[in-house]
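Residues per chain, in single letters:
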Amino acid sequence: MAKEIVDALAMKRALTRMTYEIIEKNKGIENVVLVGIKTRGVYLAQRIAERLKQLEGADISVGELDISLYRDDRHTTELKQEPVVKNAQLDFDINDKQVILIDDVLFTGRTIRAALDALMDQGRPQKINLAVLVDRGHRELPIRADFVGKNIPTAMDEQVSVYVEEIDGKDGIDLKKLA
């Protein structure tokens, strides 16, 4: 049985707070681009970009990153090819940009490691910051988020599910004990 731990309003507030933190840390949004990790990270990046436009009056580039070929948990027999990121994923230059990498949940850090590899294949950013809606702990790699919507301490036998209106028909975050 899943328990709602963050409702739509609290999720909106967390994203707004993260947006203000991004502006403050970067002293504005000049030279900033957002890159969402597929799938839900892309929608969160788009929402942050909309809020940045409301607050700063400027459009900001938003890209999406598919890191599936960069994951270290796929078997070598599954794919015989070298990981390749399609150039069309990012339709803007990230060289010398301040990239904000956005994902829904930070857990072991392996997804973020894969995303960093994928980003570096796209160019050489000036700086990369990480924004996550939920940090649930249990890191296996030395990775931490610069912008966190909610810290939700979890047990290893629990699952955090983020829902976004664009895919799931609702916004919110649930916590479920795995069987």
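Residues numbered from 1 in each chain as written. Predicted model: local features only at pLDDT ≥ 70, side-chain atom pairs only at ≥ 80, totals over all residues. Heavy atoms only, no water.

The name recorded for the protein chain in an unreviewed UniProt entry is Bifunctional protein PyrR, from Ligilactobacillus equi DPC 6820. The heading Sequence similarities (unreviewed entry) in the UniProt record of the protein chain holds the text "Belongs to the purine/pyrimidine phosphoribosyltransferase family. PyrR subfamily." Check the Subunit (unreviewed entry) section of the UniProt entry for the protein chain; it says "Homodimer and homohexamer; in equilibrium." (UniProt positions renumbered as here; feature names shortened; annotations may be inferred.)

Novice: Quick question: what am I supposed to make of the UniProt feature "short sequence motif: PRPP-binding" (unreviewed entry) in the protein chain here?
Specialist: The sites that UniProt annotates as "short sequence motif: PRPP-binding" (unreviewed entry) are residues 99-111. With 15% helix and 62% strand, residues 99-111 has end C-alpha atoms that lie 16 Å from one another. (Helix = DSSP H or I, 4+ residues; strand = E, 2+ residues; numbered from the N terminus.)

Novice: Which parts of the structure should I look at to understand the pattern of salt bridges?
Specialist: Where charged atoms from two side chains of opposite charge come close, those side chains can pair. Scanning the model with the defined rule gives 13 salt bridges in all. In this structure, the salt-bridge partner of K25 is D146, at a minimum N-O distance of 3.5 Å. Of this pair, K25 sits in helix α1 (residues 8-25) while D146 sits in the loop between β5 (127-135) and β6 (147-151), placing them 121 residues apart in sequence. For K25, a relative accessible area of 39% gives the class partly exposed. Here D171 and R47 are joined by a salt bridge, their closest N and O atoms 2.8 Å apart. In this pair, D171 sits in the loop between α4 (165-168) and β8 (172-177) while R47 sits in helix α2 (residues 40-56), placing the two residues 124 residues apart along the sequence. (Salt bridge = Lys/Arg side-chain N within 4 Å of Asp/Glu carboxyl O. Buried < 20%, exposed > 50% of the residue type's maximum accessible area, 1.4 Å probe, protein only.)

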